[in-house]
Amino acid sequence: KIAGYVDYKINEVTPVIVNGDKTRATILAAMNIAGELFEARNNLEELENFSQTIEKKAQSLNETLDLAVKTGDT
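Anyway, here's the lowdown on the structure attached to this text. (Residues numbered from 1 in each chain as written. Predicted model: local features only at pLDDT ≥ 70, side-chain atom pairs only at ≥ 80, totals over all residues. Heavy atoms only, no water.)

## Some remarks on the pattern of salt bridges
Threshold: Here a salt bridge means any side-chain nitrogen of Lys or Arg lying within 4 Å of a carboxyl oxygen belonging to Asp or Glu. Segments assigned H or I by DSSP are reported as helices when at least four residues long, segments assigned E as strands when at least two residues long, and all are numbered from the N terminus. For every residue, the accessible area (1.4 Å probe, protein chains only) is compared with the maximum for its type, and the residue is labelled buried under 20%, exposed over 50%, or partly exposed between those bounds.
Across all of its chains, the model carries three salt bridges by this definition. Between glutamate 12 and lysine 9 there is a salt bridge whose closest N-O contact spans 2.9 Å. Here the residue glutamate 12 and the residue lysine 9 both occupy positions in helix H1 (residues 2-13), the gap between them amounting to three residues, near one helical turn. Classification of glutamate 12 by relative accessible area gives partly exposed; the value is 39%.

## Notes on the packing of H1 against helix H2 (residues 22-71)
Going by this rule: Axis lines are fitted to C-alpha atoms, over the contacting stretch for helices. Their N-to-C directions set the angle, which ranges from 0 to 180 degrees. What makes a crossing left-handed is the near helix being turned counterclockwise from the far one by less than a right angle; a clockwise turn instead makes it right-handed. Residue contacts are defined here by distance: any two heavy atoms, one from each residue, within 4.5 Å place the two residues in contact. Charged means Asp, Glu, Lys or Arg here, nonpolar means Ala, Val, Leu, Ile, Met, Phe, Trp, Tyr, Cys or Pro, and polar covers whatever is left, Gly included.
Running from amino to carboxyl end, H1 crosses H2 at an angle of 115 degrees, the nearest separation of the two axes being 8 Å. Crossing handedness for the pair H1 and H2: right-handed. Mapping the contact onto sequence places Tyr5, Val6, Lys9, Ile10, Asn11 and Val13 in H1 and Lys22, Ala25, Thr26, Leu28, Ala29, Asn32, Ile33 and Glu36 in H2. Grouping the amino acids of the contact of H1 with H2 by side-chain chemistry returns eight nonpolar, three polar and three charged.

## Notes on the nonpolar core
The following threshold applies: Only buried residues count toward a nonpolar core, which is a set of Ala, Val, Leu, Ile, Met, Phe, Trp, Tyr and Cys residues joined through side-chain atoms within 4.5 Å.
Counting five residues, the largest nonpolar core consists of Ile10, Val13, Ile17, Ala25 and Ala29. If you list the elements that add at least two residues to this core, you get H1 and H2. With near-sequence residues (within four places) excluded, isoleucine 10 lies in contact with Lys22, Ala25, Thr26 and Ala29.

## Notes on H1
Put simply, the test is: Helix span is expected to be 1.5 Å times the residue number reduced by one. Directions from the helix axis toward the C-beta atoms define the arc.
An ideal rise of 1.5 Å per residue puts 16 Å on twelve residues; H1 measures up with 17 Å between its terminal C-alpha atoms. Along H1, the residues that are buried comprise Lys9, Ile10 and Val13. Mapping the buried residues of H1 onto a view down its axis gives an arc of 100 degrees, with all of them on the same face. The secondary structure elements touched by the buried residues of H1 are H2.

## Digging into H2
The condition that has to hold: Residues adjacent in sequence count toward polar contacts only when both atoms are side-chain atoms; beyond that, a polar contact is any pair of N or O atoms within 3.5 Å, and within protein one must be able to donate a hydrogen and the other to accept it.
Its 50 residues place the ends of H2 73 Å apart at the C-alpha level, agreeing with the 74 Å of an ideal helix rising 1.5 Å per residue. Capping of H2 at its N-terminal end is provided by aspartate 21; its side-chain oxygen lies 3.0 Å from the backbone amide nitrogen of threonine 23. Positioned one or two residues after H2, glycine 72 has a phi angle of 80 degrees, which is positive.

Written as C-alpha cells, this is what we have:
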C-alpha cells in the first residue's frame, strides 16, 4: 500500500518535471508526502488540544451539576 502511494505521488508530479527526470520527480514526491505528514500531525495536535478543552469543560459542567444536585439547587 505504501509503495503504491509513493508510486502514485511520483506519477502525479512527473508531468510537471522538465525532461521527466525521475530523480527530481521522486524528490518532489517525497517533499509532498512529507508536507502531508506535517499537515496531518498539525491537525492531530489541534484535535487533541480541542478534545482536551472539551473534556475540561465537560468536567466543569459535571462538577457544577453535581454541586447543584447535592445542594438541591436545580
